Amino acid sequence: MSAGMNRRRLVQTDPVAQFERALEIREFENQINGLFAAGTIRGTTHLCLGQEALAIGLAAVLRPTDPVFATYRSHGIALALGMTPESVMAEIMGKATGCCGGLGGSMHLCDMELGLLPTSAIIGGGLPIAAGTGLAFQIQGNDRVGVAVFGDGATNIGAFHETLNLAAIWKLPVVFICDNNVYAEYSRINLTTPIEDLHIRAESYAMPHYAIDGMDIDAVTTGITQAVERARSGGGPTFIEAKTYRFAGHSRADQALYRPEGELDKWKPRDPVLLMEQRLIKKGLLDSETAEKMKSSMKDVIENMVKVCQAAPEPTVDAMFKHIWTPKVRA
Amino acid sequence: MPAMRLRQAIATAIADEMRSDPTVITFGEDIAAAEGPFKTTEGILEEFGPLRVRDTPISEMGFTGAAVGAAIMGMKPVIEIMFMEFLGVALDQLVTEAAKMRYLSNGTLSVPIVVRASVGGGLGFGSQHSQTLENWVAATPGLKVVSPSDAQSAYSLLRAAIQDPDPVMFLEPRVAYAERGEVDTNLKMELGKARIVKPGKDLTIVALGQMVNVARAAAAKISADVEVIDLCTIVPWDKQCVLGSVKKTGRLVVVEEQPESGGWGSEIIAAVVAEQFATLKAAPFRITSPNAPVPYNGGLESKFLPSPEEVTRQIEEVMKTGKAPQPWWRREGVN
Ligand SMILES: Cc1ncc(C[n+]2csc(CCOP(=O)(O)OP(=O)(O)O)c2C)c(N)n1
Ligand SMILES: [Mg+2]
């Protein structure tokens, strides 16, 4: 089995297919949670529970030729963009069949065919590089768009400000998407950042900016479409703040006991997967019985997938030396 | 003597310094309310309050520079860089600003900061969160570079680092945070002084950080009588201790966690060879990681890091042949 087999790019905007993909992400994250808790997987992991709609909406709008630079919290984006659960799960398990051959891990996913560039585990790391891809597209005269997805906490790092300014002054075809899930590690946003509406930071770079409801797939799709169209047509960068909420702890060991009481409960009805389901039912595109069936079969699919990954081979020792430098060209 | 975990020794040293010196302050990401991602600042906010103990935004450049500014105005900041890699976004403030302050003020300014960072592999954190990277800072005159290996040295060296008038980079082996050891809070250790953690007469191992435990484990298995030196400080390193030991044993092996190229071990071997070549009975050499990023996969990561088995194998070989053995990756022909 090769890492990229059966890629499933979500180019269509079929809402039932989107819901199914959201269920996949949800179930995938739940499985990961269990596997880490059981000690089956080592290292660390960052779940995207509550942030599924942003991933799905992003995938629905972008083309595989638009490079996405995301973070250590990208299982959802990877699956939404079309990576197979096997290639992501195997990577998290450190297996040879993973998207990075088991050398990257949970924080480092990549699939160039789908437009997912290596995700960075350094805060702000992807922003300047996304701008640089936009620079290349501008010079090449094509209509591709560079995309950076990052957290609220990343707006406090130098790279963020430098990159916004640079992208604005060069009018680069880039879309900056801040996933404001209210927390950076164990700190609520108000403890580290004087404002909670982060999109206004782009105002000082004279960059178009707005907030979207990151829990609402339709709002996400509309908001990202507008920015991507602007970038494609030479209108320069846009800064989007997606208001979401981090339903899980920061990383695997975190119980998130620092949340103000009731905050999580307040957000639960805004669960993006739940909202998708409710909307489909309301529109008559789905009934609750079918929805339940989809959920339980997704559970089976993901559980089986985990078994397949567990049985997959470990990388061989020489793998660690394979991709450091350009291979020597033999005459 | 109380036994404590290495991470508690860190917290205890910070607390003891803060108690005895009101100019000591500490800040970093999630070090106050959450008491540190690795719990190295447990109880500090509670005892010393939010004026002296602060959580920062994710702004390493900003808060590293703020430490420099506060230091030249009379404070003694101890800051935490959660993973050494994050120093990358703040390197200017340490290497190009802090390290030049005294020099560019014609000797009038002092920058008594301690930059603490967790370092090293072994925990499955992948290529961007597992490096030791001491060579990022070791080649900058004006910085001192220190790394403890156990609870006692963490406690005593951190206190010395905080008391030191110059900028100190303090590298904490992450994998050892939970390890327990006895700590004598009256024991003083000086920066720039190594410790002989196991005496021996046949061969000298110089190690640092988590490699000290690896060297000790190997020394316990090796048939020869090995002396293990915990270097403790890379800049300035304890030449006297190392030269003295090698004069006695005639054999030197440096065990470094970082990749083969550009390590401080080369510096040590160069000095020994240059200054007392005639005392050597065998070729001095280094045992390091290979020139590759730290792999995530568990099996590969343990193969990647110098292990007691690999150290044992190479030392048994040099004892027999007098020649520097091949590292595993050349022996196995994989690199
Ligand atoms: C330069 C740097 N500093 C610190 C960290 C440690 N760190 C990892 S995730 C994180 C919180 C990031 O919060 P946010 O940007 O809001 O993203 P979220 O995790 O909520 O998706 C921190 C501080 C890092 N990876 N890189
Ligand atoms: Mg966040």
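Conventions we followed
- Residues numbered from 1 in each chain as written.
- Chains lettered and ligands numbered in written order.
- Predicted model: local features only at pLDDT ≥ 70, side-chain atom pairs only at ≥ 80, totals over all residues.
- Heavy atoms only, no water.
- Helix = DSSP H or I, 4+ residues; strand = E, 2+ residues; numbered from the N terminus.
- Expected span 1.5 Å × (residues − 1).
- Buried < 20%, exposed > 50% of the residue type's maximum accessible area, 1.4 Å probe, protein only.
- Pairing = 2+ DSSP bridges.
- Axes fitted to C-alpha atoms, helices over the stretch in contact; angles between N-to-C directions.
- Salt bridge = Lys/Arg side-chain N within 4 Å of Asp/Glu carboxyl O.
- Contact = heavy atoms within 4.5 Å.
- Buried area = accessible area lost by both parts, 1.4 Å probe.
- Polar contact = N/O pair within 3.5 Å; in protein donor to acceptor, adjacent residues only side chain to side chain.
- Nonpolar A, V, L, I, M, F, W, Y, C, P; charged D, E, K, R; others polar.

1. Examining helix α6 (residues 151-163) of chain B
Residue and element names in this part refer to chain B.
Then comes step 1: The end-to-end C-alpha separation of α6 is 18 Å, in line with the 18 Å expected for 13 residues at 1.5 Å each.
Then comes step 2: Buried residues dominate α6, accounting for 12 of its 13 residues.
Then comes step 3: Residues of α6 that are buried: A151, Q152, S153, A154, Y155, S156, L157, L158, R159, A160, A161 and I162.

2. Here we look at the sheet that holds strand β10 (residues 203-207) of chain B
Within a beta sheet, neighbouring strands are joined by backbone hydrogen bonds and run either parallel or antiparallel to one another.
Residues and elements named next belong to chain B.
Then comes step 1: As summarised here, the arrangement of the five strands in space is β9-β11-β10-β13-β14, forming an open sheet in which the pairing is mixed. If you trace the sheet from one side to the other, it starts and ends with β9 (195-198) and β14 (285-289), each paired once. Between one strand and the next, the sheet's axes are offset by a mean angle of 30°, whatever the strand orientation.
Then comes step 2: Sheet analysis places β10 next to strand β13 (residues 252-259), joined by four bridges and oriented parallel.

3. With respect to the pattern of salt bridges
Then comes step 1: Counted according to the given criterion, the structure contains 41 salt bridges over all chains.
Then comes step 2: K293 of chain A serves as the salt-bridge partner of E289 of chain A, at 3.9 Å between the closest nitrogen and oxygen. Here the residue E289 of chain A and the residue K293 of chain A both occupy positions in helix α11 (residues 288-311), the gap between them amounting to four residues, near one helical turn.
Then comes step 3: With its nearest N and O atoms 3.2 Å apart, the salt bridge here joins K221 of chain B to E309 of chain B. Of this pair, K221 of chain B sits in helix α7 (residues 210-221) while E309 of chain B sits in helix α11 (residues 308-321), and the two are 88 residues apart along the sequence.
Then comes step 4: Judged by relative accessible area, which is 46%, K221 of chain B ranks as partly exposed.
Then comes step 5: One connected set of salt bridges, linked through shared partners, spans D16, E17, R19, E47 and R159 of chain B.

4. Some words on the interface of chain B and chain A
Then comes step 1: Facing 38 residues of chain B, the contacting portion of chain A comprises 37 residues.
Then comes step 2: In total, about 2,800 Å² of surface goes out of reach between chain B and chain A, with carbon and sulfur atoms giving 65% of it.
Then comes step 3: Considering only the surface of chain B that becomes buried against chain A, I58, Y296 and L300 of chain B emerge as the three largest contributors, covering 26% of it.
Then comes step 4: Here chain B and chain A share one salt bridge between them.
Then comes step 5: R42 of chain A is paired through a salt bridge with E301 of chain B; the nearest N and O atoms lie 3.0 Å apart.
Then comes step 6: Where chain B touches chain A, the interface holds 13 residue pairs in polar contact (both at pLDDT 80 or more).
Then comes step 7: Listing elements by their share of the side of chain B that touches chain A, those giving two or more residues are α3 (60-72), α10 (298-304) and α12 (328-331) of chain B.
Then comes step 8: The dominant element in the side of chain B that touches chain A, judged by the number of residues it contributes, is α10 of chain B, at five residues.
Then comes step 9: Of the residues contributing to the side of chain B that touches chain A, the split by class is 20 nonpolar, 12 polar and six charged.

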